[in-house]
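What follows is each chain in one-letter form.
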Amino acid sequence: MATKTAIGTTSIEALLKEKRKYPPPKEFAKRANVNRASAYAEAAKNPVRFWERFARELDWFKPWRKALEWKAPYAKWFIGGKLNVSYNCLDRHINTARRTKAALIWEGEPGDTRTLTYWDLYREVNRFASALKRGGVKRGDRVTIYMPMVPETAIAMLACTRIGAPHSVIFGGFAPDAIRERIHDAQSTVLLTADGGWRRGGHVPLKKNVDEALKECPDVRTVVVLKRTGQQINMQADRDIWWDDFVKEAEAYCPPEKMDAEDMLYLLYTSGSTGKPKGIQHTTGGYLTGVYATTKWVFDLHDTDVFWCTADIGWVTGHSYVVYGPLANGTTTVMYEGTPDTPDKDRFWRIIEKHGITICYTAPTAIRTFMRWGDEYPNRCDLSSLRLLGSVGEPINPEAWVWYWKVIGGGRCPVVDTWWQTETGHILITPLPGVTTLKPGSATRPFPGISADVLNDKGESVKAGYLVLTKPWPGMLRGIYRDPQRFQAQYWNRYPGVYFTGDGAKLDEEGYFWLLGRVDDVMNISGHRVSTMEVESALVDHPLVAEAAVIGRPHEIKGQAIAAFVTIKDGTTGSKELMEELKGHVTKKIGALARPDDLIFASDLPKTRSGKIMRRLLRDIAEGKALGDTTTLADPAVVARLKDQYGEEE
Ligand code: PRX
């Protein structure tokens, strides 16, 4: 159950003092895909029909009988319809002028580049799909993908969709334990990986992590390994096969499976408010309709656009807006392997200049980092090809928004701040750049056809409270894999029939939504979702730790940073070395993204008389705030001691 909102009133007030407004530039609005405000009212009249219009722009082997069946919490969209995602992303374009258009422009961190036309990508996907089939992968089998940001990752995903095998992509930054847990949950027997990937001039040991993870995954019988870095790795003779050998004999054409609209397209694990990641289930017809529609309208796609979503393919943003949304629209999508500061801090701007990128979609944490690095880096490059900018992953502070608009967009590009989640599949709250007057810091309004509200504990509509979605939408998750109870409890128990997002939000007098961050035990670290419980379990897993409590505290660049309060076992001393060891232990168990920034050894944790850890107090301590109500605290002295210790730590 969610706790009270973690967002302090000061940040709410600061946001609402933001009065700057940016109407759509006239020229932009004139040629925009949507430039009539009436689009909202029209969609609201009949949202289902609105979504059907987009669905009809896709290619179906068989039309649907019924557009929506809603038996909360389960929705079915486009019932009876048959389609294939790879067919919609590839086959339908190769009989048009898009056949020779760049589908994917890729840049490796060392500077190598590859451009695949729609035809090239079609060929590669067909071949890999044939190879998977030969390798025994059947419709419905879950294929795990743990790869760097290279074209083969998109090829692998599309090939899975071609044969109807749901993929489960694991972000390349996750550690062996996290990989193992996801493979077990997905009951996956085939894994696609690479020797490594490039990151900040070094190699990410992907295959080594896989080997470690697979020690306890006896059911995995095939590991396909792409050679990317050429680093030294072990190949296990009866299990591992090089990518090139795997596809060598494969047929050039693989007929696309006729999938049911409600067949599972993929699983993607995300953190919730328990220690165990949830396998979010997305299906075929609704998801593709949702990503197709939102990519087209939110990013105002035109045939000449070069679209760069900087997210890693291991996250939902990479799924929806690097691969499926752009390709379903026949757009040129850009993919970059490495970090923004390799070899220098101007890498992103060099990429934009080199490829003539017109739309750039990135995260607030990146924008704040660029801002700190200084204007000299973007100013070195010609960014005049840009016409639209986007932001996703966490609330963007107005200062960063305005910097992005001014320095990167040259004051001519609208900035779309898009709110959504792994669970929602596609963007839900967002400006339409040809229609919406922008306010820095606000994701503005629900996309046409989407119904959102802000509720209090009693379920009444209020100006500040919990963000909910009141009607089904096509890309919504269809469940948590093999855990219907958790699906119900996590999203649907708080308000019957209404989807609980776990986010706080405020509505202003014009009905604009201002997102205020998570209200549950999920942290947002540089736009990555990490659960406090996951980090706590990783800490408690260490033999010297007795108890741990983890919270997210505000951080200027990352949005939130992790602070861990740890009680160690009797007879152990909390040394600097142990602190590093414990932080390293979390990296080892989950990955570097979950490494605590602060680690405080506590002789005791503040608890209620019934023994529940009072995180709110820990948050106040970490934020250096005056402490709120402490009357339910079992031992008030604990807090005073912690406050002193936290000061020392900083
Ligand atoms: O808290 C919200 C925040 O990111 C969460 C979803 O995280 P994830 O499933 O990893 O997906 C990230 C990319 C879609 C949300 O619950 N969030 C995402 N976008 C925004 C945001 N918070 C404020 N403004 C946004 N634009």
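Cut-offs applied
- Residues numbered from 1 in each chain as written.
- Predicted model: local features only at pLDDT ≥ 70, side-chain atom pairs only at ≥ 80, totals over all residues.
- Heavy atoms only, no water.
- Helix = DSSP H or I, 4+ residues; strand = E, 2+ residues; numbered from the N terminus.
- Rg over C-alpha atoms; globule rule 2.2 N^0.38 Å.
- Contact = heavy atoms within 4.5 Å.
- Areas by Shrake-Rupley, 256 points an atom, 1.4 Å probe, with all protein chains shown as cover.
- Lys, Arg positive; Asp, Glu negative; His and termini not counted.
- Charge placed at Lys NZ, Arg CZ, Asp CG, Glu CD.
- Near = heavy atom within 4 Å.
- Polar contact = N/O pair within 3.5 Å; in protein donor to acceptor, adjacent residues only side chain to side chain.
- Nonpolar A, V, L, I, M, F, W, Y, C, P; charged D, E, K, R; others polar.
- Buried < 20%, exposed > 50% of the residue type's maximum accessible area, 1.4 Å probe, protein only.
- Axes fitted to C-alpha atoms, helices over the stretch in contact; angles between N-to-C directions.
- Parallel < 35°, antiparallel > 145°, perpendicular 65-115°, else oblique.
- Left-handed = near helix turned anticlockwise from the far one by under 90°.
- Pairing = 2+ DSSP bridges.
- Core = buried A, V, L, I, M, F, W, Y, C linked by side-chain atoms within 4.5 Å.
- Domains from an automatic or database assignment.
- Salt bridge = Lys/Arg side-chain N within 4 Å of Asp/Glu carboxyl O.
- Buried area = accessible area lost by both parts, 1.4 Å probe.
- 1 Å grid on protein atoms, 1.4 Å probe; cavity = no way out; pocket = protein on both sides within 12 Å on 5 of 7 lines; lining within 4 Å.
- Points joined across faces, edges and corners; volume = space filled by probe spheres on them.
- pLDDT = per-residue confidence, 0-100.

**Student:** Teacher, can you tell me more about the overall build of the protein chain here?
**Tutor:** Helix and strand content of the protein chain: 21 helices and 30 strands. The globule rule puts the C-alpha radius of gyration for 650 residues at 26 Å, and the 24 Å found for the protein chain is close to it. On the principal axes, the C-alpha backbone points of the protein chain span a range of 75 × 65 × 55 Å. A fraction of 72% describes how many contacts in the protein chain between residues 6 or more apart in sequence connect residues 24 or more apart. When the accessible surface of the protein chain is split by element, carbon and sulfur atoms take 50% of a total near 24,600 Å². Computed over 87 positive and 80 negative side-chain charges, the separation of the two mean positions in the protein chain equals 5 Å.

**Student:** Explain the site of the ligand here, please?
**Tutor:** Taken together, 16 residues sit near the ligand, with Asp-417, Thr-418, Thr-422, Asp-503 and Arg-529 positioned nearest. Take Gln-421: an N or O atom from its side chain is 2.9 Å from an oxygen atom of the ligand. Asn-524 is positioned with one of its side-chain polar atoms (N or O) 3.5 Å from an oxygen atom of the ligand. Taken by itself the ligand offers 540 Å² of open surface, and the protein chains cover 96% of this. Elements with a contribution of two residues or more to the shell around the ligand: strand 20 (415-418) and strand 25 (513-518). Its residues placed into classes, the shell around the ligand shows 5 nonpolar, 6 polar and 5 charged.

**Student:** In this structure, what is going on with the side chain of Ser-320? I would like to understand it.
**Tutor:** Its location among the elements puts Ser-320 in helix 12 (residues 316-328). Taking relative accessible area as the criterion, Ser-320 reaches 0% and is therefore assigned buried. There is a polar contact of 2.8 Å between the side chain of Ser-320 and the backbone oxygen of Gly-425. Ignoring anything within four residues of it in the chain, the contact list for Ser-320 reads Tyr-266, Tyr-287, Val-291, Thr-295, Gly-325, Pro-326, Trp-420 and Gly-425.

**Student:** Even after reading the chapter, I still don't get the packing of helix 7 (residues 151-163) against helix 12, so can you show me in this structure?
**Tutor:** Working note: a packed helix pair is described by the angle between its axes plus the distance between those axes. At a closest axis distance of 11 Å, the pairing of helix 7 and helix 12 adopts a crossing angle of 60°. Judged by the inter-axis angle, helix 7 sits oblique to helix 12. Crossing handedness for the pair helix 7 and helix 12: right-handed. Between helix 7, through Ala-154, Met-157, Leu-158 and Thr-161, and helix 12, the contact on the second element is made entirely by His-319, Val-323, Tyr-324 and Leu-327.

**Student:** Sorry, what's going on with the sheet that holds strand 19 (residues 388-392) here?
**Tutor:** In a beta sheet, neighbouring strands are held together by backbone hydrogen bonds and run either parallel or antiparallel to one another. In space, the 7 strands of this open sheet follow the order 5-4-17-16-18-19-20, with mixed pairing throughout. At either end of the open sheet lies a strand with only one pairing partner, and these are strand 5 (113-117) and strand 20. Taken pair by pair, the neighbouring strands of this sheet meet at an average axis angle of 20°, ignoring direction. Contacting strand 4 (102-107) and strand 5, helix 6 (residues 118-134) crosses the sheet at an angle of about 90° to strand 5. Its contacts with the sheet put helix 13 (residues 347-355) on strand 4, strand 5, strand 16 (306-309), strand 17 (332-336) and strand 18 (359-362), and the angle it makes with strand 4 is roughly 145°.

**Student:** Where do I start with the nonpolar core in this structure?
**Tutor:** Within soluble globular proteins, side chains that are nonpolar generally end up buried alongside one another. In this structure, Phe-128, Leu-192, Phe-299, Tyr-324, Val-535 and Leu-539 are the most contacted members of the largest nonpolar core, which totals 157 residues. Two domains each provide a minimum of three residues to this core, namely domain 1 (125-257) and domain 2 (522-649). Grouped together as the second largest cluster of nonpolar side chains are 34 residues, Ile-105, Ile-352, Phe-370 and Ile-396 included.

**Student:** Explain the pattern of salt bridges here, please?
**Tutor:** A side chain of one charge can pair with a side chain of the opposite charge when the charged atoms of the two come close. Applying the stated criterion across every chain yields a total of 52 salt bridges. One salt bridge connects Asp-177 with Arg-180, and the closest N-O pair in it is separated by 3.2 Å. Here Asp-177 and its partner Arg-180 are both found in helix 8 (residues 176-186), 3 residues apart, which amounts to about one turn of the helix. For Arg-180, a relative accessible area of 12% gives the class buried. One salt bridge in this structure joins Arg-595 and Glu-580, with 2.9 Å as the shortest N-O distance.

**Student:** I'm lost on the domain arrangement of the protein chain in this one. Help?
**Tutor:** One widely used convention gives an interface's size as the accessible area the parts lose upon coming together. Under the domain assignment, the protein chain is made up of domain 1 (125-257) and domain 2 (522-649). Look at where the C-alpha atoms of domain 1 and domain 2 centre, and you get two points 36 Å apart. Across the contact, 6 residues belong to domain 1 and 7 residues belong to domain 2. Interface of domain 1 and domain 2: buried area, both sides summed, is about 470 Å²; carbon and sulfur atoms make up 53% of it.

**Student:** What's the story with the packing of helix 6 against helix 7 in this structure? I'm lost.
**Tutor:** Axis separation between helix 6 and helix 7 bottoms out at 8 Å; the angle between their running directions is 60°. Classified by the angle between their axes, helix 6 and helix 7 sit oblique to one another. Helix-helix and strand crossings are classified by hand; for helix 6 and helix 7 the assignment is right-handed. Residues Leu-121, Tyr-122, Glu-124, Val-125, Asn-126, Phe-128, Ala-129, Leu-132 and Lys-133 of helix 6 pack against Ile-155, Ala-156, Leu-158, Ala-159, Cys-160, Arg-162 and Ile-163 of helix 7. Of the residues assigned to the contact of helix 6 with helix 7, the class counts are 12 nonpolar, 1 polar and 3 charged.

**Student:** Honestly, empty space enclosed by the protein in this entry has me stumped. Any pointers?
**Tutor:** Taken as a whole, this structure holds 2 cavities of 30 Å³ or more when the rule is applied. Empty space within the largest cavity amounts to approximately 40 Å³. Every residue along the wall of the largest cavity is listed here: Val-85, Cys-160, Thr-161, Gly-164, Ala-165, Pro-166, Met-259, Met-264, Leu-265 and Thr-284. Where the lining of the largest cavity is concerned, the elements lending two or more residues are helix 7 and strand 14 (264-270). Of the residues contributing to the lining of the largest cavity, the split by class is 7 nonpolar, 3 polar and no charged. Approximately 30 Å³ is the volume found for the second largest cavity. Every residue along the wall of the second largest cavity is listed here: Phe-174, Arg-182, Tyr-269, Thr-270, Ser-271, Trp-315 and Arg-529. Among the residues making up the lining of the second largest cavity, the classes are represented as 3 nonpolar, 2 polar and 2 charged.

**Student:** How should the confidence of the model for the protein chain be read in this particular structure?
**Tutor:** When pLDDT is low, close inspection of the predicted coordinates is not appropriate. Summarising the model, the protein chain shows a mean pLDDT of 94, and 96% of its residues fall at 70 or more. Confidence drops under a pLDDT of 50 for residues 1-10, and excluding neighbours within four residues, the segment shows 17 contacts in the predicted structure.

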